[in-house]
Amino acid sequence: MVRMSAEERRESVIRAAMTEFALGGYHGTSTEAIAKRVGVSQPYLFRLFPGKKAIFLAAAERCVEDTMRTFGQAAEGLHGEEALHAMANAYTKVIADHPEQLLMQMQMYVAVGAAEKEGDHEFGAAVRDGWMRLWDTVHLPLGADVNETTTFMAYGMLVNCLVAMGFPPEHRVWEGLYPSARAKGRLEH
């Protein structure tokens, strides 16, 4: 059996944490569940990360990076409406193929509110910074138009909410979305 390096193990913890936090949220996920998913002990987990918050923020950062990469690759060489539809199509594929990424995004936003209520403003600042990098990733391909970027991000959040709530593809709530905002095979009529 090949031993993983600390960096490879750290990466596996981040991926496992994304899945666990996506399903259980920040407060509902134990570090024990993450360690178990990876196949390491909790003490080893805490050699890689100083605590649960650091694990969550690393998973949140990875989620944002993955989404930025999805949008960036989809929009490469495209602008305006072509970029918009390419990014929407790519995102709907992510939703269908990796629903934990969508659910992790939703958990990130919920966790910010809870952290801020508890007086932890650093947590929210980190998540907001990631969200702004995501905004910037789609802003230029959409012609650096604030209204286009706002509309794209608003549609994305609506899609996130509808999918997270489990609305079936044939439900009437999907009718108002442009075709590329519907998840292929799942959300198209």
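As the structure is a computational prediction, the values presented were derived from the model and not from experiment. (Residues numbered from 1 in each chain as written. Predicted model: local features only at pLDDT ≥ 70, side-chain atom pairs only at ≥ 80, totals over all residues. Heavy atoms only, no water.)

K.L.:
I'd like to hear about the state of the cysteines, residue by residue, with values.
P.N.:
Taken as a whole, this structure holds 0 disulfides when the rule is applied. Of the cysteine sulfurs around Cys63, a residue in no disulfide, the closest is that of Cys161, at 14 Å. Judged by relative accessible area, Cys63 falls into the buried class, the value being 0%. (Disulfide = S-S within 2.5 Å. Buried < 20%, exposed > 50% of the residue type's maximum accessible area, 1.4 Å probe, protein only.)

K.L.:
I'd like to hear about the pattern of salt bridges, residue by residue, with values.
P.N.:
Per the stated rule, a full pass over the model turns up 12 salt bridges. One salt bridge in this structure joins Lys53 and Asp120, with 3.0 Å as the shortest N-O distance. Here Asp120 lies in the loop between α6 (99-117) and α7 (121-139) and Lys53 lies in helix α4 (residues 52-75), a separation of 67 residues in the sequence. Given a relative accessible area of 21%, Asp120 falls into the partly exposed group. For the salt bridge of Asp97 with Lys93, the shortest nitrogen-to-oxygen distance reads 2.5 Å. Taken as a pair, Asp97 and Lys93 lie in helix α5 (residues 80-97) at a separation of 4 residues, close to a single helical turn. (Salt bridge = Lys/Arg side-chain N within 4 Å of Asp/Glu carboxyl O. Helix = DSSP H or I, 4+ residues; strand = E, 2+ residues; numbered from the N terminus.)

K.L.:
Quick one: what's the story with α6, residue by residue and with numbers?
P.N.:
Under the 1.5 Å per step criterion, the end-to-end length of α6 is 28 Å for 19 residues, consistent within 8% with the ideal 27 Å. Taken together, the buried positions of α6 are occupied by Gln101, Leu102, Met104, Gln105, Met106, Gln107, Met108, Ala111, Val112 and Ala115. As for α6, its buried residues are in contact with α1 (6-28), α4, α5, α7 and α8 (146-164). Within two residues after α6, Gly119 carries a phi angle of roughly 90 degrees, on the positive side. (Expected span 1.5 Å × (residues − 1). Contact = heavy atoms within 4.5 Å.)

K.L.:
Break down the environment of Val38 for me, with residues and values.
P.N.:
Relative to the helices and strands, Val38 resides in helix α2 (residues 31-38). Residues Val38 and Val13 lie 25 residues apart in sequence; the distance between their C-alpha atoms is 6.1 Å. Other than its neighbours up to four places away in sequence, Val38 contacts Arg9, Ser12, Val13 and Ala16.

K.L.:
Please provide a residue-by-residue account of the packing of α1 against α2, values included.
P.N.:
Close contact between α1 and α2 brings their axes to 9 Å; oriented N to C, the two are set at 125 degrees. As the angle between them shows, α1 and α2 are arranged oblique. Of the two possible hands of crossing, α1 and α2 adopt the one that is right-handed. In this structure, α1 contributes Arg9, Ser12, Val13, Ala16, Ala17, Thr19, Glu20 and Phe21 to the contact, and α2 contributes Ala33, Ile34, Arg37 and Val38. For the contact of α1 with α2, the class distribution of residues is 7 nonpolar, 2 polar and 3 charged. (Axes fitted to C-alpha atoms, helices over the stretch in contact; angles between N-to-C directions. Parallel < 35°, antiparallel > 145°, perpendicular 65-115°, else oblique. Left-handed = near helix turned anticlockwise from the far one by under 90°. Nonpolar A, V, L, I, M, F, W, Y, C, P; charged D, E, K, R; others polar.)

K.L.:
Tell me about the packing of aromatic side chains, and name the residues and values.
P.N.:
Summed over the entire model, instances satisfying the criterion amount to 8 aromatic pairs. Taken together, a centroid distance of 5.4 Å and an interplanar angle of 70 degrees make the contact between Phe71 and Phe152 edge-to-face. Taken together, the positions of Phe71 in helix α4 and Phe152 in helix α8 put the pair 81 residues apart, joining distant regions of the chain. Phe152 matches Phe71 in its accessibility class, with the two residues each being buried. Through successive ring pairs, a cluster of aromatic residues spans Phe21, Tyr26, Phe56 and Phe123. Looking at Lys52, its charged tip hangs above the ring of Tyr26, at a distance of 4.9 Å from the centre. (Phe/Tyr/Trp six-rings, centres within 6.5 Å; stacked < 30°, edge-to-face > 60°. Lys NZ or Arg CZ within 6 Å of the ring centre and 35° of its normal.)

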